[in-house]
Amino acid sequence: TVTYEQLRSRVEACARGFLKLGLGPGTTYLIRLQNSIEFCIAFLAGVRIGAIPILTNTLLGSRELEHIVAAAEPRLAITQAEIAEPVRALQKDTARFERVVVVGDADSGEVAFECLAASGGTLLPADTKADDAAFMICTSGSTGLLKAVTHAHRWVIAVGDLSRLRVGSDPDDIILATGELSFLGALGHGFLFPLRAGASGVMLPGRPQPDRV
């Protein structure tokens, strides 16, 4: 269980770590993580400093990742040890990323995600505007190659507040994210919209089988 205050503190610490690794306003970085608190922190920390996370589904292989990386040119890749192989293979073959950050057991030359939260203190949000790019999310590729679609900061308010009116989320609600947060609907309804409503979110890791739900 993570409180709002703990989340804010961990996001600010991770954001400072990102700045030390060279991320900043307008720079892109790739997220390949299952539903977890680390996903939430990695996403919010980048957005807080004006960087642009690129969300990729954990089922994608090296070929799909290489296409996305070539188009969006992320500086960093953030993944977890259990599903890191496609990122590691791409880095070994092409050295596309300046650094690879790993949740769990990091290999030599990689950065442990836990080390990004080494320093304390308040970090104010970057002075981003409503129409500035906030994050990129990949299409399903059903009619061709995957495309990374950019969404602006105003998306959270414009879509999130309408969702709150429609669904009626409030601080007493507990909302379960069953879909992977790399999908736009899951990112909003399972993560960002509950936060904006002051509700509690529950992350379901792995595949959403009925018995697990």
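Residues numbered from 1 in each chain as written. Predicted model: local features only at pLDDT ≥ 70, side-chain atom pairs only at ≥ 80, totals over all residues. Heavy atoms only, no water.

Visitor: How would you summarise the overall build of the chain if you had to cite specific residues and measurements?
Guide: What the chain contains, in helices and strands, is six helices and nine strands. A globule of 213 residues ought to have a C-alpha radius of gyration of about 17 Å, and the chain, at 16 Å, matches this closely. Each principal axis of the C-alpha atoms in the chain carries an extent, and together these give about 50 × 45 × 35 Å. Relative to its full complement of 213 residues, the chain shows a buried share of 45%. Of the roughly 10600 Å² of accessible surface on the chain, a fraction of 54% belongs to carbon and sulfur atoms. Measuring between centres, the 20 positive side-chain charges of the chain sit 3 Å from its 23 negative side-chain charges. (Helix = DSSP H or I, 4+ residues; strand = E, 2+ residues; numbered from the N terminus. Rg over C-alpha atoms; globule rule 2.2 N^0.38 Å. Buried < 20%, exposed > 50% of the residue type's maximum accessible area, 1.4 Å probe, protein only. Areas by Shrake-Rupley, 256 points an atom, 1.4 Å probe, with all protein chains shown as cover. Lys, Arg positive; Asp, Glu negative; His and termini not counted. Charge placed at Lys NZ, Arg CZ, Asp CG, Glu CD.)

Visitor: Lay out the pairing of strand β6 (residues 133–138) in plain terms, naming residues and giving numbers.
Guide: In terms of burial, β6 is largely enclosed, as five of its six residues are buried. Two strands pair when backbone bridges link them, and strand β2 (residues 52–55) and β6 are joined in this way by two bridges, in the parallel orientation. By the bridge assignment for β6, Ile54 is matched with Met136. Taken together, the five bridges between β6 and strand β7 (residues 148–152) define a ladder with antiparallel strand orientation. The partner of Ile137 across the bridge, within β7, is Val149. (Pairing = 2+ DSSP bridges.)

Visitor: I'd like to hear about the pattern of salt bridges, residue by residue, with values.
Guide: Scanning all chains against the criterion turns up ten salt bridges. A salt bridge links Arg88 to Asp107; its shortest N-O distance comes to 3.5 Å. Within this pair, whereas Arg88 is found in helix α4 (residues 85–94), its partner Asp107 is found in the loop between β4 (99–103) and β5 (111–112), the two being separated by 19 residues in sequence. Between Asp161 and Arg196 there is a salt bridge, with the nearest N and O atoms lying 2.5 Å from each other. One end of the pair, Asp161, is in helix α5 (residues 154–167); the other, Arg196, is in helix α6 (residues 184–197), and 35 residues separate them in sequence. Under the relative-accessibility criterion, Asp161 is labelled partly exposed at 28%. Connected through shared salt-bridge partners, Glu5, Arg8, Glu12 and Arg48 make up one network. (Salt bridge = Lys/Arg side-chain N within 4 Å of Asp/Glu carboxyl O.)

Visitor: So what's going on with the layout of surface pockets? Residues and values would help.
Guide: In this structure, the largest pocket spans a volume of roughly 580 Å³. Lining the largest pocket are 20 residues; nearest its centre among them are Leu44, Val47, Arg48, Leu192 and Leu195. Listed by contribution, the elements that provide at least two residues to the lining of the largest pocket are α1 (4–20), α2 (37–48), β6, α5 and α6. Looking at the lining of the largest pocket, the element that brings in the most residues is α1, giving five residues. Residue composition of the lining of the largest pocket, by class: 14 nonpolar, two polar and four charged. If you go around the second largest pocket, you meet 16 residues; those closest to its centre are Val2, Ile37, Leu195, Ser200 and Gly201. For the lining of the second largest pocket, the secondary-structure elements that each account for two or more residues are α1, α2, α6 and β9 (200–203). Among the residues making up the lining of the second largest pocket, the classes are represented as eleven nonpolar, five polar and no charged. (1 Å grid on protein atoms, 1.4 Å probe; cavity = no way out; pocket = protein on both sides within 12 Å on 5 of 7 lines; lining within 4 Å. Points joined across faces, edges and corners; volume = space filled by probe spheres on them. Nonpolar A, V, L, I, M, F, W, Y, C, P; charged D, E, K, R; others polar.)

Visitor: Which residues make up the packing of α2 against α6, and what are the values?
Guide: To characterise two packed helices, one gives the angle between the axes of the helices and the distance between these axes. The interhelical angle for the contact between α2 and α6, taken along N-to-C directions, is 65°, at an axis separation of 12 Å. The angle between α2 and α6 falls in the class roughly perpendicular. Along this stretch, α2 crosses α6, giving a crossing that reads as right-handed. Each of Phe39, Cys40, Phe43 and Leu44 in α2 lies in contact with α6, whose residues at this interface are Leu187, Phe191, Leu192 and Leu195. Taken together, the residues that form the contact of α2 with α6 break down as eight nonpolar, no polar and no charged. (Axes fitted to C-alpha atoms, helices over the stretch in contact; angles between N-to-C directions. Parallel < 35°, antiparallel > 145°, perpendicular 65-115°, else oblique. Left-handed = near helix turned anticlockwise from the far one by under 90°. Contact = heavy atoms within 4.5 Å.)

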